[in-house]
Amino acid sequence: MPRVAGRTREDTRRALLDAAGVCIRARGTSATLDHIAKEAGVSKGGLLHHFATKDDLVRALAQDLFDRFRADVTAAVDAEDTGPGRLTRAYIRVSAAFSRDPGSFRDLVPLLSHLATVPEITDLAREDTLRWHDDLAADGLPHHVTALITAAADGLSAVPTWHHHPDRRPLVDLEALLIGLTTSGPAWDHLAPPGGTA
């Protein structure tokens with residue numbers, strides 16, 4: 001199959017990653033390179049030009065998911081916000097936006113479930129989680145506040161798994177509440193764990 005006219009190398013790579021996501025979501029990790037190449041509209045040889053093995057492609061797909069979320073959070077940082085918690089607020093905003101897009105979440109859940117069965121991908125996810133932990137810990141908020149907010153934001157992003165309702169007000173209110181918790185106030189003292197340790 002010839003290269004699609006007008007596609008750049010990066011366009012083709014993007015098409016292959018997107019196709020891998022579609023195929024793995026539908027077929028699990030048993031999806032073959034032939035399936036993925038067909039979905040992307042490239043030859044198998046063209047796929048192998050970008051990714052030497054299926055393992056390379058699956059690893060690149062997982063890393064791409066992590067990188068895109070990080071890029072979304074970075075882009076959501078308010079340029080005029082210079083106070084402590086600016087990255088945490090962006091993390092909340094992206095997680096809340098995700099909660100209002102049930103279609104995207106329903107697409108992502110089966111894909112992540114299949115990827116989670118690959119030990120190397122689990123290791124990548126652990127590394128990404130540790131990196132987020134370090135980045136958010138350096139964001140200027142008390143550790144116990146950051147831990148609570150990010151756990152709540154992660155839960156907020158998963159709302160479409162369990163509940164879909166046309167009234168978005170509760171989600172908007174919860175986003176505002178979490179944003180509010182990033183600002184120093186009496187709630188911080190009440191949120192502190194017993195003994196004052198984070």
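Here's a quick rundown of the structure. Sequence positions are assigned chain by chain, starting from 1 and proceeding in written order. Per-residue local features are limited, in this predicted model, to residues with pLDDT of at least 70; the limit for side-chain atom pairs, both in listing and counting, is 80 or more; totals at the level of whole chains, interfaces and linings are taken over all residues. Side-chain measures were taken over the full set of non-hydrogen atoms in the model, leaving aside hydrogen atoms and water.

A few words now on the overall build of the chain. Secondary structure elements are taken from DSSP: a helix is a run of H or I of four residues or more, a strand is a run of E of two residues or more, and numbering for both begins at the N terminus. A count of helical and extended segments in the chain gives 11 helices and 0 strands. Reading the secondary structure of the chain in the N-to-C direction produces α-α-α-α-α-α-α-α-α-α-α. Partly exposed residues are those whose accessible area sits between 20% and 50% of the maximum for their type, while under 20% is buried and over 50% is exposed, using a 1.4 Å probe and protein chains only. In the chain, which comprises 198 residues, the proportion classed as buried is 34%. Here a residue-residue contact requires only that any non-hydrogen atoms of the pair lie within 4.5 Å. Restricting the contact set of the chain to residue pairs at least 6 apart, pairs at least 24 apart contribute 70%. Only the protein chains shown count as cover for residues, and the accessible areas themselves come from Shrake-Rupley with a 1.4 Å probe. Taken as a whole, the chain presents about 11100 Å² of accessible surface, with 58% of it coming from carbon and sulfur.

By convention a nonpolar core is built from buried Ala, Val, Leu, Ile, Met, Phe, Trp, Tyr and Cys residues, the set being connected through side-chain atoms within 4.5 Å. In this structure, Ile36, Leu47, Phe51, Leu57, Leu61 and Leu115 are the most contacted members of the largest nonpolar core, which totals 26 residues. Going through the elements one at a time, α1 (9-27), α2 (33-40), α4 (54-76), α6 (102-115) and α7 (119-137) are the ones with two or more residues in this core. Excluding its chain neighbours within four sequence positions, the residues that come into contact with Ile36 are Leu16, Ala19, Ala20, Cys23, Leu47 and Leu57. Membership of the second largest hydrophobic core comes to 18 residues, among which are Leu87, Leu171, Leu181 and Trp188.

The convention used is that axes are lines fitted to C-alpha atoms, helices contributing only their stretch in contact, and that angles between N-to-C directions extend from 0 to 180 degrees. Direction vectors running N to C along α1 and α2 enclose 125°, while the axes themselves pass 8 Å from each other. Taken as axis vectors, α1 and α2 run oblique relative to one another. Crossing angle aside, the handedness with which α1 passes α2 is right-handed. Across the interface between the two elements, Ala15, Leu16, Ala19, Ala20, Val22, Cys23 and Arg27 from α1 touch His35, Ile36, Glu39 and Ala40 from α2. Each residue belonging to the contact of α1 with α2 can be placed in one class, and the counts come to 8 nonpolar, 1 polar and 2 charged. Throughout, the term roughly parallel applies to angles under 35 degrees, roughly antiparallel to angles over 145, roughly perpendicular to angles from 65 to 115, and oblique to all others. Crossings are assigned a handedness: left-handed for a near helix turned anticlockwise from the far helix by less than a right angle, right-handed for a clockwise turn. Residue polarity follows a fixed list, in which Ala, Val, Leu, Ile, Met, Phe, Trp, Tyr, Cys and Pro are nonpolar, Asp, Glu, Lys and Arg are charged, and the others, Gly among them, are polar.

A pair of packed helices is captured by two measures, namely the crossing angle of their axes and the spacing between those axes. For the pair α4 and helix α5 (residues 86-99), interaxial distance at closest approach is 8 Å and the crossing angle is 120°. Note that α4 runs across α5; the crossing there is right-handed. Here Phe69, Asp72, Val73 and Ala76 of α4 come into contact with α5, specifically with Leu87, Ala90, Tyr91, Arg93, Val94 and Ser95. Across the contact of α4 with α5, the residue classes tally to 7 nonpolar, 1 polar and 2 charged.

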